[in-house]
Amino acid sequence: MDDMDEKDETKETPTMVRTQVAVNEVGFFLAQGQDVADLKRRIESAVQAGGRLVDFLVVGNRSVSVLISASSHVVISVETVEFDTRDFGDDSVQFSGAFDML
């Protein structure tokens, strides 16, 4: 093995944190830069208000509105994944791909 191969093996793959919000078993991966603590507060506020639309950006830099009520089932999970340069949380620059099928 030469020096070039050795260096490549020691390179770390860049990662990022990906947050998934599932509402009534429909999953949405949040775009980067979304304030998860604020989203949780807005979901709780919507329930307390008897129901309200909650907006957030998802991967693909698209805006989603979800009606949240007391009967909504919401699960928020967080994982570390390989970095995706397209996912930067700007809804004026949308892209599509694997996440369209979620």
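Caption draft 1: Structural detail: the side chain of T19. Position of T19 relative to the elements: it lies in strand β1 (residues 15-23). If we ignore the near neighbours within four places in the chain, the residues touching T19 are F28, F29, L30, V36, I76, S77 and V78.

Caption draft 2: The arrangement of the pairing of β1 in detail. Relative to strand β5 (residues 74-82), β1 is paired through 9 bridges, and the arrangement is antiparallel. Looking at β5, one finds that T19 is bridged to V78. Across 4 bridges, the pairing between β1 and strand β2 (residues 26-29) is antiparallel. Within β2, the residue paired with A22 across the bridge is G27. Connecting β1 to the next strand, β2, in antiparallel fashion are 2 residues, including N24 with a positive phi near 50 degrees.

Caption draft 3: Inspection of the pattern of salt bridges at higher detail. Counting across every chain of the model gives 1 salt bridge. Here R42 and D38 are joined by a salt bridge, their closest N and O atoms 3.0 Å apart. Taken together, the positions of R42 and D38, both in helix α2 (residues 36-48) and 4 residues apart, correspond to about one turn of that helix.

Caption draft 4: A look at the packing of aromatic side chains. One pass over the structure, following the stated rule, counts 1 aromatic pair. Between the aromatic rings of F28 and F56, the centroid separation amounts to 5.8 Å while the plane-to-plane angle is 75 degrees, which identifies the pairing as edge-to-face. Here F28 is found in strand β2, whereas its partner F56 is found in strand β3 (residues 52-58), with 28 residues between them in sequence. Accessibility expressed as a relative area gives 5% for F56, which makes it buried.

Caption draft 5: Summary view of the pairing of β3. Strand direction decides the pairing type here: β3 and strand β4 (residues 62-68), joined by 7 bridges, are antiparallel. Among the inter-strand pairings, L57 is bridged to a residue of β4, identified as S63. In textbook terms, the turn of a hairpin is the stretch between consecutive antiparallel strands, and for β3 and β4 this stretch comprises 3 residues, one of which, G60, has a positive phi near 100 degrees.

Caption draft 6: Spotlight on the sheet that holds β1. Strand order in the open sheet formed by 3 strands is β2-β1-β5, with antiparallel pairing between adjacent strands. Both edges of this open sheet fall to β2 and β5, since each of them pairs with a single strand only. Averaged over all neighbouring strand pairs, the angle between strand axes comes to 25 degrees, with direction disregarded. Along the sheet face, α2 touches β1 and β5 and points at about 165 degrees away from the line of β5.

Caption draft 7: Looking closely at unusual backbone geometry. Positive phi outside glycine occurs at N24, with the angle close to 50 degrees. Among the secondary structure elements, N24 is positioned in the loop between β1 and β2. Taking relative accessible area as the criterion, N24 reaches 43% and is therefore assigned partly exposed.

About the cut-offs
- Residues numbered from 1 in each chain as written.
- Predicted model: local features only at pLDDT ≥ 70, side-chain atom pairs only at ≥ 80, totals over all residues.
- Heavy atoms only, no water.
- Helix = DSSP H or I, 4+ residues; strand = E, 2+ residues; numbered from the N terminus.
- Contact = heavy atoms within 4.5 Å.
- Pairing = 2+ DSSP bridges.
- Salt bridge = Lys/Arg side-chain N within 4 Å of Asp/Glu carboxyl O.
- Phe/Tyr/Trp six-rings, centres within 6.5 Å; stacked < 30°, edge-to-face > 60°.
- Buried < 20%, exposed > 50% of the residue type's maximum accessible area, 1.4 Å probe, protein only.
- Axes fitted to C-alpha atoms, helices over the stretch in contact; angles between N-to-C directions.

The quantities given are spatial measurements derived from coordinates; they are silent on function.
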